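Remarks on the overall topology
This is what each chain is made of:
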Amino acid sequence: MIECGVIAADCYTENGNSMLRDQIQEIISGAVDAAKSAGQLPNIPIASPAIERPKQADHGDFSTNIALITAAAVKKETGDKVNPRQIAQAIVGHIPVDGLIGAVELAGPGFINIRLAERWLQHHVRAIIDAGDTFGNINRGDGARWQVEFVSANPTGPLHYGGARNAVLGDSLASVLEAAGYDVQREFYVNDVGNQLDLFAQTLYARYQQLYGQDVELPQDGYKGDYMIGYAQQIQAEVGESLLLLPRHTVLATLREKGLAIVLADLADELSLIGIRYDRWFSEQSLHDEGLVEQLLADLTEKGDIGEWDGARWFRASNYPKNDKDEVVVKSNGMPTYFASDIAYHYDKFVRRGFDRVVNIWAVDHQGHVPRMGAIMAALGLDPDRLVIVLYNLVKLLRDGQEVKMSKRSGDFLTLREVVEDVGADAVRFMLLTRGPESGIDFDLALAVEQKNENPVYYVQMNHARICSILLKAAEEGLAAGSAAQPGDDDALALLAHPTEFGLIRKILEMEEQIDFAVDKLSPHNLTHYAMELARSFSVFYDQCHVLKAEPDELRRARFLLCWAARTALARVLHLMGMSAPESM
RNA sequence: GCGCCCGUAGCUCAGUGGAUAGAGCAUUAGCUUGCGGAGCUAAGGGUCGUAGGUUCAAAUCCUACCGGGCGUACCA
C-alpha cells in the first residue's frame, strides 16, 4: 500500500553522533574487516547485517545475524559448508569491549549478542536530560523538504470521524518526520472547484430562504445535514436579507464564496480541537485562475500525452506502467475534471515548490487513483518515487452494533467535534493512532464513551504527571538541585544499579529507533505502543525504587535525574503523537 | 471477473526472515497502612484462516484455496 523506497542514507546528527544502532553496526563492520585482515574470514562481499533488538532481555541489547548470513554467502560463493558459530567466534574476537559495549556473547546457531555497558547507560541519563524536547531526534532526513498533504476533505461541511483518522495519521507522521530531520510542510488541498461546491451553494441558498419563511425545497442530492442551517444563519447575521432580492446566479456566486469561507473556518477550528494546524491551505481554483491547468493540458497535448476522442479530452495514462485505462481531463461538456487539476497541483508541488518528496494521505476508497498519479509524475518528467500515497482503511461507524453509513449529503454522520466533546482529544488521537493504516476500525461512540477512562493514553499521561509531582515535591523539600548538571553527578549516576533503573534507561533509549521505524513505515502507530511500554517501565521503577527517600543523597540525586529523563521521554513521545503531557490530572 | 488490503488470545489490535509469537481490555488469584492505586505481581487463554513451497530459520517471502473489506465512472 505504500510505494516508497525510503533509505536511511545518513543517520548522523550534527555533532557527529549517530544512532545507537548504527554505532553498533559500525563496530560490527569494523570487527568483520579486522577478521578478514587477520585471515580468519574469507574475503568475500557480505550483505549488510541486520542489527536487531532481541525479544528476550537475556539475549542482550542488540543482536546480529551476520555470522549466519556470512555462512550462507560463503557456501554460495565457494560451495564449502562453514559453521556459522565459527564465523561468529572470529568476529566476536575483534569486537572491542569498552565504552559503549559491556559484553559480547555468541549464542544459538550463530547469533552475536551485544550488551551495552552499564556505565555507559548510567551516564547517558545526562544526555537525555540535555536533549530536552529534541530527545530522540535523528538526522535521517538531512533537511530534505517533504510535504505531507492530509485530510483535504471536500469543503462542504464539518469533518466526519473517518476524516479524523486521516488528520491524526497525517499530523503525527509530519511530526515524526520533523523529528527525523526532514523539513516538513503540512498542507490541506481545498477542492473549491466542481459541482459538489455548486450543490453546497444551492443548499445554502435554500436554507437561507427558509430562514425567511420561504417554502423552498433543498436541491436533490443536496446537503441535508442541520449544520447547513447554522451556516445559513451565519450568512444571515452578516448580510441580513439583502440576498433575497438579488438574481439567483448572483446569490449563488456570493454564497459559494461566503459559504466556503465559513466551512474552511469551521474545518480549521474543528481540526484545532485535536491540535492540528496547517502551514498552507491550497486552493484548487487558484490553479485554474492563473491558467496553470490550461497551460499544462496544452503542454501535454503537444507532447502527445493528451488526445481528443468521444467528445472529451483524454490523458493517455495507459501509456504508462500500472495503468490500464485512460483518464478524462476535460469532459464533453467542456468542464475540466479533478484529474486535470491534479496534474497542475503536482506540477506546482514538485516543479515550482520543489518538494523532494510528497506524502499524500488517502482513504483506501481512493486506491484506484494511485496508479494514475504515477502516470502524472512520469508525464511531467518527475521520478514517481517522489510521490508517496499512504492509504488508510475506513472507519466504520456503529450504533448499537449496527453499521451507520456516513454521508455528508444525507446529514447522517458523526463529526470529529462530537467525538472530541464526548471522548476527549487525546483519547481520540490515541485510539485512531494505535492501529496500522491498513487495519479497519469499527467505531461505536457509546462504547468509546463508556471506555474512555480505560484508554491507555491516561496511563501514559498519569505516569508523566506522577513524575512531575515527584520532581515538584523534591524541589519544595529542597531534596535535589534542578536538572542542570552538578559537580557530583557523574559519581551519583554510577549508583544506578537496580534492574528497573536499567530497564527504564534502556526503554528511553529506544526513542530514536521508534522514530526511525515510524519513518520507515510512514506510519507512527508504533509510538502508541512505545508510549505504553515507556510508561510501564517508569511505573515498574517507581514501584521498586523510592526516589525522595533514597539513601544516600547521591542515589537520591541519581534517581531524581532518572525521573527527569523519563519525563523528558514521555513528554516527547506524547507530543510527537499530538497529545498533551499534563503535569497534573 | 480482475486489482489492492485484511484474517494472530474471549474482544480490540501490535509484531523489522531470526532464538520461548506480544500488549491493552476482559477473566482469576494475590499485593497495596510508602514520592499520585488511573497502580504492581502472577495465572489461564494461540493448529498465527487452510494447504503446499522457498530457507539453516516463516505470523513475516512465493503459489493456490477459503472468508471479509475496498476499488474497477466523462464523481470526488
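Residues numbered from 1 in each chain as written. Chains lettered and ligands numbered in written order. Predicted model: local features only at pLDDT ≥ 70, side-chain atom pairs only at ≥ 80, totals over all residues. Heavy atoms only, no water.

Let us now look at the pairing of strand E3 (residues 101-107). Of the strand pairs in this sheet, E3 and strand E4 (residues 111-116) are connected by six bridges, and their pairing is antiparallel. Bridging across to E4, Glu 105 finds its partner in Asn 113. Here E3 hands over to E4 after three residues, with Gly 108 in that stretch at a positive phi of 55 degrees. (Pairing = 2+ DSSP bridges. Helix = DSSP H or I, 4+ residues; strand = E, 2+ residues; numbered from the N terminus.)

Now for the domain arrangement of chain A. According to the domain assignment, chain A consists of domain 1 (20-116), domain 2 (195-265) and domain 3 (455-576). A straight line from the C-alpha centre of domain 1 to that of domain 3 covers 32 Å. Contact residues are listed per partner, giving seven residues for domain 1 and six residues for domain 3. Of the roughly 550 Å² buried between domain 1 and domain 3 on both sides combined, carbon and sulfur atoms contribute 33%. (Domains from an automatic or database assignment. Contact = heavy atoms within 4.5 Å. Buried area = accessible area lost by both parts, 1.4 Å probe.)

Quick look at the sheet that holds strand E5 (residues 145-149) now. Strand order in the open sheet made by the five strands is E7-E6-E5-E11-E12, with parallel pairing throughout. Of all strands in the sheet, those bounded by a partner on one side alone are strand E7 (280-283) and strand E12 (387-392). The sheet shows a mean angle of 30 degrees between the axes of neighbouring strands, direction not considered. In terms of strand pairing, strand E11 (residues 357-363) meets E12 through six bridges, oriented parallel. Residue pairing in the sheet places Ala 363 in a bridge with Tyr 392 of E12. Sitting on the sheet, helix H5 (residues 161-179) is in contact with E5, strand E6 (183-190), E11 and E12, with an inclination near 160 degrees to E6. (Axes fitted to C-alpha atoms, helices over the stretch in contact; angles between N-to-C directions.)

So, on to the protein's contact with RNA strand B. The local shell around RNA strand B holds 56 residues, among which Asp 310, His 369, Gly 436, Tyr 459 and Arg 536 are the closest. A breakdown of the atoms of RNA strand B within 4 Å of the protein gives sugar and phosphate a share of 60%. Within the side chain of Asn 65, one N or O atom sits 3.2 Å away from a base nitrogen of RNA strand B. Between RNA strand B and Ser 469, the relevant distance is 2.6 Å, taken from a phosphate oxygen to a side-chain nitrogen or oxygen of the residue. Broken down by secondary-structure element, the contributors of at least two residues to the surface near RNA strand B are helix H2 (66-78), E4, helix H16 (456-476), helix H19 (511-521) and helix H20 (526-544). A per-element tally of the surface near RNA strand B places H16 first, with eight residues. Classifying every residue of the surface near RNA strand B by side-chain character gives 20 nonpolar, 21 polar and 15 charged. (Near = heavy atom within 4 Å. Polar contact = N/O pair within 3.5 Å; in protein donor to acceptor, adjacent residues only side chain to side chain. Nonpolar A, V, L, I, M, F, W, Y, C, P; charged D, E, K, R; others polar.)

The strand order across the open sheet formed by three strands is E8-E9-E10, and the pairing between neighbours is antiparallel. With one partner strand each, in any of the chains shown, strand E8 (306-309) and strand E10 (327-330) form the two edges of the open sheet. Adjacent strand axes in the sheet meet at a mean angle of 45 degrees, parallel and antiparallel pairs treated alike.

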